[in-house]
Amino acid sequence: MKLPKGTIRGKELNTFFKDSIEYHRRTFYEILSQYDSDTLFHNWRILIRSIDEMINIPLELGSEKYKNAYLNVAFDFSNLNNFPLLYKALNTLQENFNLDIADRFKTLAIISFSIDAAYQSHNLFKAMGSDERLEIPPYLKH
């Protein structure tokens, strides 16, 4: 489904929303029907738990030192200089929480990088109607 560019209003907007909802509903069921429901539920549960932890961890880390170690992770693992930042974050998570949380974060970080790399290499961002991938604006980078 190609996303519209610019501003749409009125009937065109309503049509876009209806078509989009139908497209995503149909795609959702077509894709999900290919997977074993127990395995899918287990994997989604882990994914959602990992994302929830990723969001809440900065709020639970006490010191700025620990927050910075966690928040400064660069998810571009094609750059070997980013691995020390990941290891520092993993050590921080293990020290402040436990190994399971650190492992879930590591898995989510690697999966995120892998998906981004695959989307870029197959030009999927453009195929989905976007000329750009989601990136952190330079003024927010540490």
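A quick note: this is a predicted structure, and the numbers were derived from the prediction, not measured.

Undergrad: Which residues make up the pattern of salt bridges, and what values do they have?
TA: Tallying each qualifying case throughout the model produces 6 salt bridges. Among the ionic pairs, R25 bridges to E22, the shortest N-O distance being 2.9 Å. On the criterion of helical spacing, the pair formed by R25 and E22 is a turn pair, its members being 3 residues apart in helix α1 (residues 10-32). Residue E22 is classed as partly exposed on the basis of its relative accessible area, which comes to 33%. Among the salt bridges present, the one from K67 reaches E64, with a minimum N-O distance of 3.9 Å. Linking K67 with E64, this pair stays in helix α3 (residues 64-71), spanning 3 residues, or about one helical turn. Of the residues examined, K67 reaches a relative accessible area of 22% and is grouped as partly exposed. Connected via shared salt-bridge partners are E22, R25 and R26.

Undergrad: Which residues make up helix α4 (residues 83-96), and what values do they have?
TA: Between its first and last C-alpha atoms α4 spans 20 Å; for 14 residues at 1.5 Å apiece the expected length is 20 Å, and the two agree. What α4 keeps buried is the set L86, A89, L90, T92 and L93. For α4, the angular spread of the buried residues around the axis is 160°, confining them to a single face. Relative to its buried face, α4 has exposed residues pointing more than 90 degrees away, namely P84, K88 and E95. For α4, the elements touching its buried residues are α2 (37-60), α3 and α5 (99-121).

Undergrad: Quick one: what's the story with the nonpolar core, residue by residue and with numbers?
TA: Among the nonpolar cores identified, the biggest contains 13 residues, and I57, Y70, V73, L86, L90, L93 and F105 are the most heavily contacted of them. Ignoring sequence-local partners within four residues, the contact set of L93 consists of I57, Y70, N98, I101, A102 and F105.

Undergrad: Quick rundown of empty space enclosed by the protein? Include the residues and the values.
TA: Taken as a whole, this structure holds 1 cavity of 30 Å³ or more when the rule is applied. In this model, the largest cavity occupies a volume close to 30 Å³. The wall of the largest cavity is formed by S50, E53, M54, I57, I101, R104, F105 and L108. For the lining of the largest cavity, the secondary-structure elements that each account for two or more residues are α2 and α5. Looking at the lining of the largest cavity residue by residue, the classes come out as 5 nonpolar, 1 polar and 2 charged.

Undergrad: Run through the layout of surface pockets, naming residues and quoting values.
TA: Considered as a void within the structure, the second largest pocket measures approximately 200 Å³ in volume. Around the second largest pocket sit Y23, H24, T27, F28, I31, L32, Y35, L40 and W44, which together line it. For the lining of the second largest pocket, the secondary-structure elements that each account for two or more residues are α1 and α2. A per-element tally of the lining of the second largest pocket places α1 first, with 6 residues. When its residues are assigned to classes, the lining of the second largest pocket shows 7 nonpolar, 2 polar and no charged.

Criteria and thresholds
- Residues numbered from 1 in each chain as written.
- Predicted model: local features only at pLDDT ≥ 70, side-chain atom pairs only at ≥ 80, totals over all residues.
- Heavy atoms only, no water.
- Salt bridge = Lys/Arg side-chain N within 4 Å of Asp/Glu carboxyl O.
- Helix = DSSP H or I, 4+ residues; strand = E, 2+ residues; numbered from the N terminus.
- Buried < 20%, exposed > 50% of the residue type's maximum accessible area, 1.4 Å probe, protein only.
- Expected span 1.5 Å × (residues − 1).
- Arc of directions from axis to C-beta.
- Contact = heavy atoms within 4.5 Å.
- Core = buried A, V, L, I, M, F, W, Y, C linked by side-chain atoms within 4.5 Å.
- 1 Å grid on protein atoms, 1.4 Å probe; cavity = no way out; pocket = protein on both sides within 12 Å on 5 of 7 lines; lining within 4 Å.
- Points joined across faces, edges and corners; volume = space filled by probe spheres on them.
- Nonpolar A, V, L, I, M, F, W, Y, C, P; charged D, E, K, R; others polar.

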